[in-house]
Amino acid sequence: MDFNLHVRTEGENMIKIGDFSNLTKVSIKALRHYDKLNLLVPARVDVTTGYRYYSVDQITRLNRILASSSKNYPLSRRWPV
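Small disclaimer: the values here were computed from a predicted structure and weren't measured.

Caption draft 1: Examining helix α3 (residues 58-67) more closely. The complete set of buried residues in α3 reads Q58, L62 and I65. Along α3, the residues classed as buried sweep out an arc of 55° about the axis, all on the same side.

Below is the structure:
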């Protein structure tokens, strides 16, 4: 699977939201929802364009969020902010 990494000045690789969505098989809408709930906040948001960028390290947190999605209470109550 191909996805584009974008390099920050600090040298950390960043993945645009669309590529992160393709990589993780999670919709962009869901990623924005997790951001709104403060569960999975993008590693960087471009101040000019508003584009959200994620780091590869955030895949682990996303997997934990997805694994808990079968619980009977709201996502916002499952994860500390």
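Caption draft 2: Layout of helix α2 (residues 28-36). When α2 is considered as a whole, its buried residues turn out to be L31, Y34 and D35. All buried residues of α2 project into a common sector of 105° when viewed along the axis, lining one side. Exposed side of α2, more than 90 degrees from the buried face: K29 and K36 are the residues found there. Just downstream of α2, N38 is the residue with a positive phi angle, here 65°.

Caption draft 3: Region of the structure containing the packing of aromatic side chains. If you walk through the whole model with that rule in mind, you get one aromatic pair. Taking the centre distance of 4.5 Å and the plane angle of 15° together, the rings of F20 and Y54 count as stacked. Taken together, the positions of F20 in helix α1 (residues 17-24) and Y54 in strand β4 (residues 52-54) put the pair 34 residues apart, joining distant regions of the chain. Relative accessible area serves as the criterion here: at 0%, Y54 is assigned to the buried category. The ring centre of Y53 lies 4.9 Å from the NZ or CZ of R44, which sits over that ring.

Caption draft 4: Spotlight on the pattern of salt bridges. Summed over the entire model, instances satisfying the criterion amount to two salt bridges. Between R52 and D35 there is a salt bridge, and its shortest N-O distance comes to 3.0 Å. You can see R52 sitting in strand β4 and its partner D35 sitting in helix α2, a full 17 residues away along the chain. Taking the shortest distance from any N to any O, the salt bridge between D46 and R44 comes out at 3.5 Å. Given a relative accessible area of 29%, R44 falls into the partly exposed group.

Scoring rules and cut-offs
Residues numbered from 1 in each chain as written. Predicted model: local features only at pLDDT ≥ 70, side-chain atom pairs only at ≥ 80, totals over all residues. Heavy atoms only, no water. Buried < 20%, exposed > 50% of the residue type's maximum accessible area, 1.4 Å probe, protein only. Helix = DSSP H or I, 4+ residues; strand = E, 2+ residues; numbered from the N terminus. Arc of directions from axis to C-beta. Phe/Tyr/Trp six-rings, centres within 6.5 Å; stacked < 30°, edge-to-face > 60°. Lys NZ or Arg CZ within 6 Å of the ring centre and 35° of its normal. Salt bridge = Lys/Arg side-chain N within 4 Å of Asp/Glu carboxyl O.

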